[in-house]
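Inside the fold
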Amino acid sequence: MTLDVGVLGYRFMGRAHANALSRLEMFFPDAPATNRTVLIGRDAEALEEAADRLGFDSTATDWEDALDEIDVLYNLGPNHVHVEPSIAALEAGVSVLCEKPLAPTLSDAKRMADSARQSSATAGIAFNYRFVPAIQYARNLIADGALGTIRHVRARYLQDWLVDPEAPWSWRLDESLAGSGALGDLGAHSIDLVRFLLGEQVGPIERLSGQLTTFVDERPVAGEDETRPVTVDDAYSAQVTFDSGATGLFEASRFANGHDNDNTVVINGSAGSLRFSLERLNELELLTGDDRGYQTVLVTDPDDPYVEHWWPPGHVLGWEHTFVHENYEFLSAVRDNDTFTPDFHDGLAVQRIMDAIQRSDREGTWIKP
């Protein structure tokens, strides 16, 4: 069985997934065969160039025209483009892998989750950090009780690409297009990682208190003599209480000087602690038992998750490999007519928490998601 794949979006995420698709069968021999059938976007000239560079057979400037040609749609467009193409594809029996966050608003995310529930096709959301070998190794440790009873989690995601107030405006800074700023762009990953790592140990978030901040109210438009307003958050923070009684702190900012892509999770339990940073994604810092301090574990052994497909121990993997792992799991689920996690239900669960953080900020009170 060969799956015909259409990709909506050809810039950052489009390149990441096209690269993964090109390497998939080389390193995962049991992966389904794929054709990079059609690349979808608005700018016909730029689209043709991108399709040639990324290895796609054809292009389309209207996503509706492409649905009859494909088995799978990768919806990698801006957040406001997630909703209608994904729903239409699922209604047509086309499987969908959608970028995060699931939608700009909770109501739209509910529509998408309902569509996925009613469709026979496979629906997944692209939380690629679940597929870091060190993250999966950490999840197994936690599930095996290595940290004991979980008491506290801190999850932060810091970037610095907006520190300069003259950095240009983009769709990510418009609430009608993005839904939120650092919260949806970065916080969605933190929220999902904590759910993935700790869900069964701590249960759902029982209540939370959130704060959103915008530091620069307007930004210049590239190539034009004008500015546009910034209508999303530049940074957010939230304190949470889980059903188990464990507590947590979440934070994200695109104004954190010196942090290029600092996605960090720290988990403290009654019997130990661990730390993970995406900027050192092959490593896990671990403290258990009678250790006097943290030990650094290099997660590159052949029996570590996914590593048998790659290089000898110590030959580290990179950010792009997470997309290969994600594509392998998703496309295998499509081929086998099976479920894939994280699915649209997981995307909706994250969206509920983000919506509660936004409501808490507006109302100035604790919120139950």
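That block above? That's the structure.
On a predicted model such as this, the values are computed, not experimentally measured, just so you know. (Residues numbered from 1 in each chain as written. Predicted model: local features only at pLDDT ≥ 70, side-chain atom pairs only at ≥ 80, totals over all residues. Heavy atoms only, no water.)

1. Overview of the packing of helix 6 (residues 133–143) against helix 8 (residues 182–202)
Keep this limit in mind: Axes here refer to lines fitted to C-alpha atoms; in helices the fit is confined to the stretch in contact. Angles between the N-to-C directions go from 0 to 180 degrees. Secondary structure elements are defined from DSSP: runs of H or I of at least 4 residues count as helices, runs of E of at least 2 residues count as strands, and each element is numbered from the N terminus. Under this scheme an angle from 65 to 115 degrees is roughly perpendicular, one under 35 degrees roughly parallel, and one over 145 degrees roughly antiparallel; angles in between are oblique. Handedness of a crossing is defined here by the sense of rotation of the near helix relative to the far one, left-handed for an anticlockwise turn of less than a right angle and right-handed for a clockwise turn. Contacts between residues were defined by any pair of non-hydrogen atoms, one from each residue, lying within 4.5 Å.
Orientation of helix 6 relative to helix 8, taken along the N-to-C sense of each, is 15 degrees, at an axis distance of 9 Å. Comparing their axes, helix 8 and helix 6 come out roughly parallel. Helix 6 and helix 8 meet at a crossing whose hand is right-handed. Counted together, Ile 135, Gln 136, Ala 138, Arg 139, Ile 142 and Ala 143 of helix 6 and Leu 193, Phe 196, Leu 197, Leu 198 and Gln 201 of helix 8 form the full contact between these two elements.

2. Brief notes about the nonpolar core
To be explicit about the condition: The nonpolar core is taken to be a set of buried Ala, Val, Leu, Ile, Met, Phe, Trp, Tyr and Cys residues, with the residues joined through side-chain atoms within 4.5 Å. Whether a residue is buried, partly exposed or exposed follows from its accessible area with a 1.4 Å probe, protein chains only, as a fraction of its type maximum: under 20%, in between, or over 50%, in that order.
Membership of the largest hydrophobic core comes to 76 residues, with the highest contact counts inside it found for Leu 198, Ile 267 and Phe 344. If you tally residues by element for this core, the top one is helix 8, at 11 residues. Not counting residues within four places of it along the chain, the set of residues in contact with Phe 344 comprises Leu 90, Val 96, Cys 98, Leu 102, Met 112, Ala 113, Ala 116, Ala 123, Gly 124 and Ile 125. Judged by nonpolar contacts, the second largest core, of 36 residues, contains Val 5, Val 7, Tyr 10 and Leu 24.

3. Focus on the side chain of Lys 100
Applied cut-off: What qualifies as a polar contact is a pair of N or O atoms within 3.5 Å, subject to a donor-acceptor requirement within protein and to the restriction that residues adjacent in sequence count only when both atoms come from side chains.
Relative to the elements of secondary structure, Lys 100 occurs in the loop between strand 5 (95–98) and helix 5 (106–118). Classification of Lys 100 as buried rests on a relative accessible area of 8%. At 2.5 Å, the side chain of Lys 100 forms a polar contact with the backbone oxygen of Asp 185. Not counting residues within four places of it along the chain, the set of residues in contact with Lys 100 comprises Asn 79, His 82, Ile 125, Ala 126, Phe 127, Gly 184, Asp 185, Ala 188 and His 189.

4. Comments concerning the packing of helix 8 against helix 10 (residues 344–363)
Put simply, the test is: Throughout this entry, Asp, Glu, Lys and Arg are counted as charged residues, while Ala, Val, Leu, Ile, Met, Phe, Trp, Tyr, Cys and Pro are counted as nonpolar. The remaining residues, Gly among them, count as polar.
Where helix 8 contacts helix 10, the two axes come as close as 10 Å, and the packing angle between them is 120 degrees. Classified by the angle their axes make, helix 8 and helix 10 are oblique. Taken as a pair, helix 8 and helix 10 cross one another with a handedness that is right-handed. For the pair formed by helix 8 and helix 10, the contact residues are Leu 183, Gly 184, Ala 188, Ile 191, Asp 192 and Arg 195 on the first element and Asp 346, Ala 349, Val 350, Ile 353, Met 354, Ile 357 and Gln 358 on the second. Of the residues assigned to the contact of helix 8 with helix 10, the class counts are 8 nonpolar, 2 polar and 3 charged.

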